[in-house]
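Below, each chain spelled out in residue letters.
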2 protein chains.
Amino acid sequence: MAEAVRHDKTARQLRMLSDALDSGRLGPVRRLVNTLAPAEIGNLLESLPPGKREVVWGLVDPEDDGEVLVHVGDEVRESLLADMDPDEIIAAVEDLDIDDLADLVEDLPDTVIDEVLKSMDRENRERLEQVLSYPEDSAGRLMNPDVVTVRADVNIDVVLRYLRLRGELPDHTDHLYVVNRRHQLIGWVALQDLITHDPGTPINKLIDDELESLHVDASAQQVARQFSDNDWVSAPVVDDGNVLLGRITVDDVIDIIREQAEHQALGAAGLDEEEDLFSPIKRAVRGRVVWLGINLCTAFLAASVIGQFEVTLEKVVALAVLMPIVAGVGGNAAVQVLTLMVRGLALGQVGASNARILLWKEMRVALINGTLIGALVGVVAFLWFHSLLLSLVIALALVINFCAAALSGVLLPLMLKRMNVDPAVAGTVVVTAVTDVMGFFAFLGLATMILLH
Amino acid sequence: MAEAVRHDKTARQLRMLSDALDSGRLGPVRRLVNTLAPAEIGNLLESLPPGKREVVWGLVDPEDDGEVLVHVGDEVRESLLADMDPDEIIAAVEDLDIDDLADLVEDLPDTVIDEVLKSMDRENRERLEQVLSYPEDSAGRLMNPDVVTVRADVNIDVVLRYLRLRGELPDHTDHLYVVNRRHQLIGWVALQDLITHDPGTPINKLIDDELESLHVDASAQQVARQFSDNDWVSAPVVDDGNVLLGRITVDDVIDIIREQAEHQALGAAGLDEEEDLFSPIKRAVRGRVVWLGINLCTAFLAASVIGQFEVTLEKVVALAVLMPIVAGVGGNAAVQVLTLMVRGLALGQVGASNARILLWKEMRVALINGTLIGALVGVVAFLWFHSLLLSLVIALALVINFCAAALSGVLLPLMLKRMNVDPAVAGTVVVTAVTDVMGFFAFLGLATMILLH
């Protein structure tokens, strides 16, 4: 046991597996796959091109099928489900926790959903329907209604006897919830307090009633924030009347945090999370071309600015050589400011109360960096084209564009957020559109005024 | 109790706090601040400009000082420590867990470190020194040596008696570790098994010996991966001889995952994590100007390519108007491929075994998207400049640049990784340098051949 985790486990397994697959020896592949945790199998399946993916999927222990399905992206999930007949799917999903099942259910074929619902007992069916009634990415959808509750007026030994009778507790149970007769949450009791206190102690004395609970309408992002701020392993979910509806556990929170980070990284490049390494060509094309089209519009906007200065460009061709520098470095400066703002907004650290101070700070940074970079570019431009005036023009244009970068980097994410557009996703296009337009306009405009005079 | 989590808690508190601060009424500020968890206070302090930050820091309950210090970034931490005298610092940090103290200790003034070490008992001092002997971002540095162990040959009731005697367990204790006489890890027993089984059951029967443990040299990233793949709340850390050294808990893992995501987002814009919203101007300038300089080099490279075609540009000024489009959209396409690859590499899903298949897939996507976008741009260019040959040139140049984007988007992150450079940080500069150079070269080169012929 206790196998130490070595470097890049998945990559190594992937190589071994790939070799075994290529050689056609499925025995070793099966053994290799079934030493893995379901999440690791999911990761592995995502890394395989469709042909090999099906072969490996067929070798996974049917007992793990459900958990693996929970741990893969939507697109890979679809391809795996397409390989299973209805009976296999039902067998795979019927033992899943309610929250996992709720996550899966919408990807299942309708006929299978009916069968799954029929195979559940009434209590679980009602719980599933309740969870599904909440919007995606809300605490209600993320929660598991399977919760262990106790009353405040009993002693520890009564609770322990009840728990022994009940047998296994839900995964990640670190607290029992104390409720009143109307199932309203009164507080929680740590499992370890049950163990470390005398069996005669009444639950009353152990209740921690300072906990904050999660409201069923809270967003996934708020849930993640609360968990990481409070170092929770699990937390209760309640409705407006403080009635206990379920609990959310830290393993799901880790998934949320990973997905949010991924959503930001992919969104900033105009990809949706559904696109994976081996998405079908058609899907990849469709997913990406929209974003390219949006960027194309801003590129045409920038080009139309250049188009206003054709006469100038005809006379001083050096401008055409240098103009991408002004736009490009300005864009980099803007993305730096934007990135700080996006982080600040995500952490709730930026608001109306400090936006002005931030803007002022960024303008000063922009003036200094713009002057430094402007001077450097001016010197290089002089060495290249031997025109003092041209050097002056490009240096000035850079200072102006750095200020435009700071202004748009601070203000546009705030505006996007107010318009309910995620600045992490749309921010880069917008601010670089500003610095492109401003960069070309300032550089070619100043050149027209100063050089053609 | 059970306050439901409402929308954007921090932003609202920030506003209330800011109002109270502005009005100079410190009583309400103190009350407001001390209803928060230490992590939330840390977040709040990071959102305040230096002047207000000091005022609020002075109002924080001294009992929370240590935990707050653990939860802020390095730069804010320095500014907070600068406000405290040695006795305050020692009082703040002496009750921290060893792993948190290890995280803090390097930011403390040397004289304070000595005092802190002196105030600790010998066992804790040795533990701290052991943790500090491991490199940053390794499992050894992240672990807490405070672990509850049991022997395999006793019954549950013996363990329960021992635990009641011991009193409070370390935070996030969900398992007790079973060790032999040489303190080697044999397995673990879930706390809930102790509760739900008959007190006469021997520990032997409850041991889960299938757990994987974490090696003390494992990287923070591997630790995070293992936790999220296995849904752990805590996991044991062992050395080469399988001797139990400590444990890592899920709350630290959440911090690791957040920090990694932040590192990627900030790194991609050339910022280091230390830069926060209100970093001093000097520091912000220094931190960012290096990155701008690197980008400037690639901009000059692209400009020098344009410089080769001055004659062509003088004759056909429309080329100067359109050329940023070819470079820009090519850059977007490259960043899309890069982003997919970076995710795949981070998950261990991309390796030598599937790189070729990926490249082939991306080349086909590039051909299709390049043709679509190329045709669109060709049509617009024709409507603008009424030259069929110019339209042909720009369409062709776009197809070529999309292929360059796919090639560099797939291959460069693999090369960077092999060179031990983080592709999430350096990838964008490198691939957009390729598409800038290739875009200008293909467009102006084709124009020279076709239009000037």
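Values in this document were obtained by computation on a predicted structure and should not be read as measured data.

1. Description of the overall build of chain A
Okay, step 1: Scanning chain A from terminus to terminus reveals 21 helices and six strands.
Okay, step 2: A globule of 453 residues ought to have a C-alpha radius of gyration of about 22 Å, yet chain A, at 29 Å, is considerably larger.
Okay, step 3: Across its three principal directions, the C-alpha atoms of chain A cover 95 × 60 × 45 Å.
Okay, step 4: Looking at chain A as a whole, 57% of its 453 residues qualify as buried.
Okay, step 5: A sequence separation of at least 24 residues applies to 65% of the contacts in chain A between residues at least 6 apart.
Okay, step 6: Of the roughly 18900 Å² of accessible surface on chain A, a fraction of 55% belongs to carbon and sulfur atoms.
Okay, step 7: Averaging the positions of the 36 positive and the 68 negative side-chain charges in chain A gives two centres separated by 4 Å.

2. Overview of the interface of chain A and chain B
Okay, step 1: With 136 residues of chain A at the contact, the number on the chain B side is 136 residues.
Okay, step 2: Here chain A packs against chain B, burying approximately 12100 Å² in sum over the two surfaces, 64% of which is carbon and sulfur.
Okay, step 3: Taken together, the links from chain A to chain B amount to four salt bridges.
Okay, step 4: The salt bridge partner of Glu262(B) is Arg343(A), with a shortest N-O separation of 3.2 Å.
Okay, step 5: For the pair chain A and chain B, the interface holds 30 residue pairs in polar contact (both at pLDDT 80 or more).
Okay, step 6: The residue makeup of the side of chain A that touches chain B, split by class, is 73 nonpolar, 34 polar and 29 charged.

3. Details of the relation of the copies chain A and chain B
Okay, step 1: Superposing chain A onto chain B takes a rotation of 180 degrees plus a shift of 0.0 Å along the axis, which leaves an RMSD of 0.1 Å. Such a turn and shift between the copies fits a two-fold axis.
Okay, step 2: Looking at chain A, 100% of its interface residues are interface residues in chain B too, so the copies touch through the same face.

4. Observations concerning the UniProt feature "transmembrane region" (unreviewed entry) in chain A
Okay, step 1: Using the residue numbers shown here, the UniProt feature "transmembrane region" (unreviewed entry) corresponds to residues 289-309, 321-345, 366-385, 391-412 and 424-452 of chain A.
Okay, step 2: Span residues 366-385 of chain A is 100% helix and 0% strand, its end C-alpha atoms 27 Å apart.

5. Focus on the sheet that holds strand E4 (residues 214-215) of chain B
Residues and elements named next belong to chain B.
Okay, step 1: Read across the open sheet, the three strands follow the order E4-E5-E6; overall the sheet is mixed. Lying at the two open borders of the sheet, with one neighbouring strand each, are E4 and strand E6 (244-249).
Okay, step 2: The pairing of E4 with strand E5 (residues 234-238) spans two bridges and is parallel. Counted as the bridge partner of Leu214 is Val237 from E5.

6. Considerations on the side chain of Asp251(B)
Okay, step 1: Its location among the elements puts Asp251(B) in helix H15 (residues 250-268).
Okay, step 2: One buried charge, Asp251(B), has no salt-bridge partner; the nearest side chain with opposite charge is Arg247(B), at 7.5 Å.

7. Concerning the UniProt feature "domain: CBS" (unreviewed entry) in chain A
All names here are of chain A.
Okay, step 1: With numbering aligned to this structure, UniProt lists the feature "domain: CBS" (unreviewed entry) at residues 143-206 and 207-266.
Okay, step 2: Here residues 143-206 is 27% helix and 20% strand, with 25 Å between the C-alpha atoms at its ends.
Okay, step 3: End-to-end, the C-alpha atoms of residues 207-266 are 44 Å apart, and along that stretch the chain is 47% helix and 22% strand.

8. Comments concerning the nonpolar core
Okay, step 1: Of all hydrophobic cores here, the largest spans 139 residues; its most connected members are Phe227(A), Ile248(A), Phe227(B) and Ile248(B).
Okay, step 2: Excluding its chain neighbours within four sequence positions, the residues that come into contact with Phe227(A) are Leu214(A), Trp232(A), Val233(A), Ser234(A), Ala235(A), Ile248(A), Thr249(A), Val250(A) and Val253(A).
Okay, step 3: Residues Val305(A), Ala320(B), Ala381(B) and Ile394(B) belong to the second largest nonpolar core, which totals 96 residues.

9. Some points on the environment of Gln13(B)
All names here are of chain B.
Okay, step 1: Mapping Gln13 onto the fold places it in helix H1 (residues 9-22).
Okay, step 2: You can call Gln13 buried: its relative accessible area is 10%.
Okay, step 3: In contact with Gln13, other than residues within four places in its own chain, are Leu32 and Leu36.

10. Considering the packing of helix H18 (residues 318-346) of chain A against helix H20 (residues 388-418) of chain A
Residues and elements named next belong to chain A.
Okay, step 1: Interaxial distance between H18 and H20 falls to 8 Å at its minimum, and their mutual angle equals 30 degrees. In terms of axis orientation, H18 runs roughly parallel to H20. Between H18 and H20 lies a crossing whose hand is right-handed.
Okay, step 2: Of the residues that constitute the contact of H18 with H20, the class distribution is 22 nonpolar, three polar and one charged.

11. Description of the confidence of the model for chain A
Atom-level detail of predicted coordinates should not be read off regions where pLDDT is low.
Okay, step 1: When pLDDT is averaged along chain A, the result is 90; 97% of the residues meet or exceed 70.
Okay, step 2: A low-confidence stretch, residues 1-7 of chain A stays under pLDDT 50, and its non-local contacts, those more than four residues away or across chains, total 24 contacts.

12. Section: unusual backbone geometry
Residue and element names in this part refer to chain B.
Okay, step 1: Look at Asp137: it is not a glycine, yet its phi comes out positive at around 65 degrees.
Okay, step 2: By the element assignment, Asp137 lies in the loop between helix H10 (122-132) and helix H11 (139-142).
Okay, step 3: Phi at Asn420 is positive, roughly 65 degrees, even though this residue is not glycine.
Okay, step 4: Within the secondary structure, Asn420 is located in the loop between helix H20 (388-418) and helix H21 (423-450).
Okay, step 5: Under the relative-accessibility criterion, Asn420 is labelled exposed at 74%.

13. Observations regarding helix H4 (residues 50-59) of chain A
Okay, step 1: Considered for burial, the residues of H4(A) that qualify are Arg53(A), Val56(A), Trp57(A) and Leu59(A). Mapping the buried residues of H4(A) onto a view down its axis gives an arc of 155 degrees, with all of them on the same face.

14. Here we look at the domain arrangement of chain A
Okay, step 1: According to the domain assignment, chain A consists of domain 1 (9-134), domain 2 (149-249) and domain 3 (281-450).
Okay, step 2: Each of domain 1 of chain A and domain 2 of chain A was reduced to a C-alpha centroid, and the two centroids are 31 Å apart.

15. Observations concerning helix H10 (residues 122-132) of chain A
Residue and element names in this part refer to chain A.
Okay, step 1: Looking only at H10, the buried set comprises Arg127, Leu128 and Val131. Projected onto a plane normal to the axis of H10, the buried residues spread over an arc of 100 degrees and lie on a single side.
Okay, step 2: Considering only its buried residues, H10 is in contact with helix H8 (98-105), helix H9 (110-119) and helix H11 (139-142).

16. Describing the pattern of salt bridges
Okay, step 1: Tallied over the full model, the rule gives 28 salt bridges over all chains.
Okay, step 2: The shortest N-O distance in the salt bridge between Asp146(B) and Arg166(B) comes to 3.6 Å. Here Asp146(B) is found in the loop between H11 and strand E1 (149-150), whereas its partner Arg166(B) is found in helix H12 (residues 156-166), with 20 residues between them in sequence.
Okay, step 3: The class for Asp146(B) is partly exposed, based on a relative accessible area of 26%.
Okay, step 4: What you see here is one network of salt bridges that share partners, running through Asp74(A), Arg77(A), Asp103(A) and Asp107(A).

17. A few points about a negative patch on the surface
All names here are of chain A.
Okay, step 1: A grouping of Glu54, Asp83, Asp85, Asp87 and Glu88 is seen on the molecular surface, where their side chains present a negatively charged patch.
Okay, step 2: With respect to the element layout, Asp87 can be found in helix H7 (residues 86-93).
Okay, step 3: When its relative accessible area of 59% is taken as the criterion, Asp87 is described as exposed.

18. Description of a nonpolar patch on the surface
Residue and element names in this part refer to chain A.
Okay, step 1: A grouping of Leu407, Leu411, Met415, Met419 and Val421 is seen on the molecular surface, where their side chains present a nonpolar patch of about 440 Å² in accessible area.
Okay, step 2: Of note, Val421 is situated in the loop between H20 and helix H21 (423-450).
Okay, step 3: We classify Val421 as partly exposed; its relative accessible area is 32%.

19. Describing the environment of Asp74(A)
All names here are of chain A.
Okay, step 1: Relative to the helices and strands, Asp74 is located in helix H6 (residues 74-81).
Okay, step 2: Along the chain, Asp74 and Asp276 lie 202 residues apart, while their C-alpha atoms are 9.3 Å from each other.
Okay, step 3: If we skip the residues at most four places from it in the chain, Asp74 touches Asp107 and Glu274.

20. Brief notes about the pairing of strand E3 (residues 185-190) of chain A
Residues and elements named next belong to chain A.
Okay, step 1: Burial within E3 is extensive, with five of its six residues counted as buried.
Okay, step 2: Sheet analysis places strand E2 (residues 175-179) next to E3, joined by five bridges and oriented antiparallel. Bridging from a neighbouring strand, Val178 pairs with Gly187 of E3.
Okay, step 3: Joining the antiparallel neighbours E2 and E3 is a turn of five residues, in which His183 adopts a positive phi near 65 degrees.

Reading the values: the criteria
Residues numbered from 1 in each chain as written. Chains lettered and ligands numbered in written order. Predicted model: local features only at pLDDT ≥ 70, side-chain atom pairs only at ≥ 80, totals over all residues. Heavy atoms only, no water. Helix = DSSP H or I, 4+ residues; strand = E, 2+ residues; numbered from the N terminus. Rg over C-alpha atoms; globule rule 2.2 N^0.38 Å. Buried < 20%, exposed > 50% of the residue type's maximum accessible area, 1.4 Å probe, protein only. Contact = heavy atoms within 4.5 Å. Areas by Shrake-Rupley, 256 points an atom, 1.4 Å probe, with all protein chains shown as cover. Lys, Arg positive; Asp, Glu negative; His and termini not counted. Charge placed at Lys NZ, Arg CZ, Asp CG, Glu CD. Buried area = accessible area lost by both parts, 1.4 Å probe. Salt bridge = Lys/Arg side-chain N within 4 Å of Asp/Glu carboxyl O. Polar contact = N/O pair within 3.5 Å; in protein donor to acceptor, adjacent residues only side chain to side chain. Nonpolar A, V, L, I, M, F, W, Y, C, P; charged D, E, K, R; others polar. Least-squares fit on C-alpha atoms with pLDDT ≥ 70 in both. UniProt positions renumbered as here; feature names shortened; annotations may be inferred. Pairing = 2+ DSSP bridges. Core = buried A, V, L, I, M, F, W, Y, C linked by side-chain atoms within 4.5 Å. Axes fitted to C-alpha atoms, helices over the stretch in contact; angles between N-to-C directions. Parallel < 35°, antiparallel > 145°, perpendicular 65-115°, else oblique. Left-handed = near helix turned anticlockwise from the far one by under 90°. pLDDT = per-residue confidence, 0-100. Arc of directions from axis to C-beta. Domains from an automatic or database assignment. Patch = residues over 30% accessible without salt bridge, like charges linked within 9 Å, V, L, I, M, F, W, Y side chains within 5 Å.

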